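# Survey of secondary and tertiary structure
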Amino acid sequence: MTHAASVVGASGFAGGELLRLLDGHPEFEVAQATSRSYERKTVGHQHPNLRGMDLRFTSPTDLESVDVLFAATPHGVSMERIDDFRDAADTVVDLSADFRLGSEEQYDEWYDGHERPELLAEAEYALPELNRESLAGADLIASGGCNATATILGLKPLFDAGILAGDERVVVDVKVGSSEGGAGGGAASSHPERSGIVRPYAPTGHRHEAEIEEFLGLSVSFTVHAVDMTRGAAATCHVFPDGPVKKKELWGAYRESYGDEPFMRTVAGGGGVYRYPEPKAVAGTNYGEVGFELDPGNRRLVVFSAIDNMMKGSAGQAVHAANVALGIEETAGLEFQGLHPVGAP
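Position numbers for residues start from 1 in each chain and track the written sequence from start to end. Residues qualify for local features only when their pLDDT is at least 70, as the model is predicted, and side-chain atom pairs are given and counted only at 80 or more; totals for whole chains, interfaces and linings, by contrast, use all residues. Just so you know, side-chain values use all the structure's heavy atoms and leave hydrogens and water out.

Let us now look at the overall build of the protein. Numbered from the N terminus, helices here are DSSP runs of H or I no shorter than four residues, and strands are runs of E no shorter than two. Assigned secondary structure in the protein consists of 11 helices and 14 strands. Atoms counted for the radius of gyration: C-alpha only. Globule rule: 2.2 Å times residue count to the power 0.38. For the protein, the C-alpha radius of gyration of 20 Å lies close to 20 Å, the compact-globule estimate for 345 residues. Taking the principal axes of the C-alpha coordinates as reference, the protein spans close to 60 × 45 × 40 Å. We call a residue buried when its accessible area falls under 20% of the maximum for its residue type, exposed when it is over 50%, and partly exposed in between, using a 1.4 Å probe and counting protein chains only. Every one of the 345 residues in the protein was classed for burial, and the buried ones make up 55%. Residues are treated as being in contact if the distance between any of their heavy atoms lies within 4.5 Å. Of the contacts made within the protein by residues no fewer than 6 positions apart, 68% connect residues no fewer than 24 positions apart. Exposure was quantified through the Shrake-Rupley algorithm and a 1.4 Å probe, taking into account, for residues, occlusion by the shown protein chains and nothing else. Accessible surface, the protein as shown: approximately 14700 Å² in total, 46% of it carbon and sulfur. None of His or the chain ends enter the tally, which takes Lys and Arg as positive and Asp and Glu as negative. Where a charge sits is defined by one atom per residue type, namely NZ (Lys), CZ (Arg), CG (Asp) or CD (Glu). The protein carries 28 positive and 52 negative side-chain charges, and their two centres are separated by 9 Å.

Put into structure tokens, the structure is as follows:
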């Protein structure tokens, strides 16, 4: 069975990734790609890797009737247009932050409020490793933030195994690529300003803290750096458990949580060059890598996780969640293993 799909906001980076994935998906057919700025232009005009697609951008005000609508729009757009989106599609997958949190109070605290708070309880978080059971049959899906996704994936096994309870001290440092800023960019995203940097751009108060607290019940000290790569998010979590932890326990925790997950790999101090998770190793894929190391002298556990922010942290997560929601094989359209060697992601 083929499902008709549309991508609203298809000219941006996340929109382009969605088009790439859906075009190669065995059970989706792209019916519409919208863009205000590039209406009537070919998709390949904005996304040179998609020059083979016979598709042109259309106006977002004239939505076609489809099975699934993916909204790759800036924060605030989906909550304004959600009725239009739901009228056009049986299932809506939103890649913005508009439906990730559970209450109006959270949006008042972390964002600028919410126009449709009555819908927040209906939305399901898109990370299948966290929320698979609730995604089946869901018709309003909220794709997670890339920094939150990387952090949650790294820490989740520690909660599953009872190593963390939620009241421990956890310090998280995330390094992210320039694509996180979107296609619009800005002065800080120009090549002369971005090249060679390790720049703290959210030392405190990053909005993705709200997602981590929502889905892990954990308050973290969270800092994000912009670094000189295009794709990727790498989280280093400094965890201070209440009691001693053995490496055997950690291996057991991560294997128990992710041993059967199709897109998760544990990489923790083995041989070779890539001994811990790295964004370069998952660039272009829907895989997440997690790993860990013990620091007994400081009673510290260091957890590493790496994803491609455009894939596992955005478009790939959205398609994975749509697969689950519609009863499609989970890995469909997402099997790409990545490249090696490859340049900066």
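Having seen the model, we can carry on.
Here His340 and Pro341 are connected by a cis peptide whose omega angle stands at 0 degrees. The residue Pro341 is located in the segment after helix H11 (311-326) in this model. Unlike most non-glycine residues, Arg40 shows phi in positive territory, near 80 degrees. By relative accessible area, which is 62% here, Arg40 ends up exposed. Despite not being glycine, Arg299 shows a phi value in the positive range, around 50 degrees. Mapping Arg299 onto the fold places it in the loop between strand E13 (288-295) and strand E14 (300-307). The exposure class of Arg299 is exposed, given its relative accessible area of 69%.

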